[in-house]
Amino acid sequence: MSKTIGLISGDGIGPEITEATLLVLKEVAPDFKYIDLDLGGVAIDKTGSPFPDETKAKLKEVDAVLMAAIGGPQYDNLPRDKRPETGLLALRKELQTFANIRPARVFDSLANLSSLKPEIVRGTDLVVVRELTGGIYFGQPSSNDGNRALNTMVYEKSEVTRIAHVAFCLARKRSKRLCSVDKSNVLNVSQLWRDAVIEVSKDYPDVELSHMYVDNAAMQLIKDPKQFDVIVTSNLFGDILSDESAMLTGSIGLLPSASTGDGSLPGLYEPVHGSAPDIAGQGLANPIAMVLSAAMMLRLSFDMSKEAAILEAAVEAVLAQGILTGDLGGTAKTKDVSEALVVEVKLALTNA
Ligand SMILES: NC(=O)c1ccc[n+]([C@@H]2O[C@H](COP(=O)([O-])OP(=O)(O)OC[C@H]3O[C@@H](n4cnc5c(N)ncnc54)[C@H](O)[C@@H]3O)[C@@H](O)[C@H]2O)c1
């Protein structure tokens, strides 16, 4: 399949994990073409802008965007609207990504890295689908006069419906179970959320829908995370629950993410972690979160589930072999991990 990928190598460890990821990705998708896109610090250095017009223009030529990470301490003193993070927010806005998809999977061989007991987390494999562009973070009015502060939680039914479709479609590709998290016993907005999700569920009779209040969901994630498969929730609740879920795994270097819209614009795929300036340039970075982000791109943007599964199985095998970078307690270098992944992918392709 020939697709064009917008590639953001970014800052810090970004170029190192990008090189490692491409090495592996090229094995399962040899026909992909790549267009380099400048974003964040590297774009500031070249053009003065964290999201240059040239990057914006090139987005029209790509089918998906695969990003490493951006940012670094050298940009911390810039005004807020000139900082690398502003570039990422502008990119997400440009791509109209209203759905943030964050898997949290505990690899069997690494269950001891979690701060919870291994027997609680082993087997956890869940995804949080968070609404990203609505809710209390954006609702108006919003004010603070020093004596009284106000935020507004607001959702249009159409905003709930479209994120619910994303979550049901994802659940359909997994174990066909979806849990919608809200606070409908207290919040009108959550009642609307629940009603809209139930209405959408009629289009997906093969997916089992359940509902959970957010306070209970926060407890259940710690008590018995294995009970969840796909979780769909609003911006505020998703912000908290996706970070809580991520920490079940015990390592930031393994966590991928996707930000998608209605499918008419390219999806954005990126690791959850940042540019790790403390280890940049030393060949020590763990490339796995970016490799798994590439696997999400294959599955969600291009329906290449077989190739995505090969990448994911390779990751599992390499971790089980104990080829671990420093963040996982090992001594392997970025290159050791990518080379081991290539061996596993080649083996899977030969046996396929
Ligand atoms: N989406 C993004 O691009 C993104 C996300 C978060 C932070 N940032 C930016 O990244 C910079 C650094 O932020 P931070 O230090 O708070 O978070 P960070 O995620 O970059 O690093 C936190 C810790 O995790 C380690 N780490 C992260 N990714 C790793 C990997 N792949 N392999 C091995 N170790 C890894 C780092 O070495 C560090 O010790 C900041 O400028 C921040 O704004 C960018």
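Residues numbered from 1 in each chain as written. Predicted model: local features only at pLDDT ≥ 70, side-chain atom pairs only at ≥ 80, totals over all residues.

Peer 1: Kindly report on the overall build of the chain, identifying the contributing residues and their values.
Peer 2: A tally of regular secondary structure across the chain gives twelve helices and twelve strands. For a compact globule of 352 residues, the expected C-alpha radius of gyration is about 20 Å, and the chain comes in at 20 Å, within 12% of that figure. Evaluated residue by residue, the chain yields a buried proportion of 47% over its 352 residues. Taking as baseline every contact in the chain between residues at least 6 positions apart, the subset at least 24 positions apart corresponds to 75%. (Helix = DSSP H or I, 4+ residues; strand = E, 2+ residues; numbered from the N terminus. Rg over C-alpha atoms; globule rule 2.2 N^0.38 Å. Buried ≥ 20, exposed ≤ 12 C-beta atoms within 10 Å, placed from the backbone. Contact = placed C-beta atoms within 7 Å.)

Peer 1: Requested: an account of the environment of Glu119, with residues and values cited.
Peer 2: Looking at the secondary structure, you find Glu119 in helix α5 (residues 118–121). Distance in space between the C-alpha atoms of Glu119 and Ala317 is 20 Å, their sequence separation being 198 residues.

Peer 1: I'd love a proper account of the sheet that holds strand β4 (residues 99–105), names of residues and values included.
Peer 2: With respect to topology, ten strands assemble into an open sheet ordered β2-β1-β3-β12-β11-β4-β5-β10-β8-β9, the strand pairing being mixed. Of all strands in the sheet, those bounded by a partner on one side alone are β2 (33–36) and β9 (208–213). When the angles between neighbouring strand axes are averaged without regard to direction, this sheet yields 25 degrees. As judged from the three bridges shared by strand β3 (residues 64–69) and strand β12 (residues 267–271), these two strands associate in the parallel manner. Residue pairing across strands places Val65 opposite Leu268, the latter belonging to β12. (Pairing = 2+ DSSP bridges. Axes fitted to C-alpha atoms, helices over the stretch in contact; angles between N-to-C directions.)

Peer 1: Lay out the site of the ligand in plain terms, naming residues and giving numbers.
Peer 2: Around the ligand, the surrounding shell holds 22 residues, and the nearest of these are Gly71, His273, Gly274, Ala276 and Asn286. Looking at the shell around the ligand residue by residue, the class counts come to ten nonpolar, eight polar and four charged. (Near = placed C-beta within 6 Å. Nonpolar A, V, L, I, M, F, W, Y, C, P; charged D, E, K, R; others polar.)

Peer 1: Tell me what's going on with the pairing of β12, and back it up with residues and numbers.
Peer 2: Of all five residues that make up β12, five are buried, and the element is covered over most of its length. The side-chain alternation of β12 yields two buried faces, one formed by Gly267, Tyr269 and Pro271 and the other by Leu268 and Glu270. Where strand β11 (residues 256–260) hands over to β12, the hairpin turn is made up of six residues, of which Gly263 adopts a positive phi near 95 degrees.

Peer 1: Account for the domain arrangement of the chain, naming residues and giving values.
Peer 2: Domain parsing of the chain yields domain 1 (1–96 + 265–352) and domain 2 (115–249). Taking only C-alpha atoms into account, the centre of domain 1 sits 26 Å from that of domain 2. (Domains from an automatic or database assignment.)

Peer 1: Describe the environment of Val166, listing the residues and the values that go with them.
Peer 2: Mapping Val166 onto the fold places it in helix α6 (residues 157–173). Residues Val166 and Phe228, spaced 62 residues apart in sequence, show a C-alpha to C-alpha distance of 17 Å. Apart from residues no more than four positions distant in its own chain, Val166 is found in contact with Ala99, Val129 and Thr260.

Peer 1: Please provide a residue-by-residue account of the nonpolar core, values included.
Peer 2: Within the largest apolar cluster, 100 residues are counted, with the highest numbers of intra-cluster contacts made by Val129, Ala167, Ile231, Tyr269, Val291, Ala294 and Leu311. No fewer than three residues from each of domain 1 (1–96 + 265–352) and domain 2 (115–249) sit in this core. When neighbours within four sequence positions are excluded, Ala167 is seen to be in contact with Val129, Leu178, Val230 and Val232. (Core = buried A, V, L, I, M, F, W, Y, C linked by C-beta atoms within 7 Å.)

Peer 1: I'd love a proper account of the packing of helix α8 (residues 214–223) against helix α9 (residues 235–249), names of residues and values included.
Peer 2: It is at 10 Å that the axes of α8 and α9 come closest, and there the two elements cross at 5 degrees. The angle between α8 and α9 places the two elements in the roughly parallel class. Contacts from Val214, Ala217, Ala218 and Leu221 of α8 reach α9 at Phe237, Leu241, Glu244 and Ser245. (Parallel < 35°, antiparallel > 145°, perpendicular 65-115°, else oblique.)

Peer 1: Mind laying out helix α11 (residues 305–320), listing which residues take part and the relevant values?
Peer 2: Between its terminal C-alpha atoms α11 stretches 22 Å, which fits the 22 Å expected from 16 residues at 1.5 Å a residue. Buried residues of α11: Glu307, Ala308, Ile310, Leu311, Ala314, Val315, Val318 and Leu319, and no others. Angularly, the buried residues of α11 cover 165 degrees about the axis, an arc narrow enough to put them on a single face. For α11, exposure combined with an orientation more than 90 degrees from the buried face picks out Lys306 and Ala320. (Expected span 1.5 Å × (residues − 1). Arc of directions from axis to C-beta.)

Peer 1: Before we move on, could you go through unusual backbone geometry and cite the residues and values that matter?
Peer 2: The omega torsion across Gln140 and Pro141 is 5 degrees, close enough to zero to call that bond cis. By the secondary structure assignment, Pro141 is in the loop between β5 (125–131) and β6 (143–144). In this structure, Gln96 is a non-glycine residue whose phi angle is positive, near 50 degrees. Residue position: Gln96 is located in the loop between α4 (84–94) and β4. A positive phi angle, close to 65 degrees, is found at Lys176, a residue other than glycine. With respect to the helices, strands and loops of the structure, Lys176 is situated in the loop between α6 and β8 (177–182).

Peer 1: Please set out the packing of helix α10 (residues 288–302) against α11 residue by residue, giving values where relevant.
Peer 2: Two numbers describe how α10 lies on α11: the axes approach to 7 Å, and their chain directions differ by 160 degrees. As summarised for this structure, α10 and α11 are arranged roughly antiparallel, according to the angle between their axes. Here α10 runs over α11; the crossing is left-handed. On α11, the residues that touch Ile288, Val291, Leu292, Ala294, Ala295, Leu298 and Arg299 of α10 are Ser305, Glu307, Ala308, Leu311, Glu312 and Val315. Residue composition of the contact of α10 with α11, grouped by class: nine nonpolar, one polar and three charged. (Left-handed = near helix turned anticlockwise from the far one by under 90°.)

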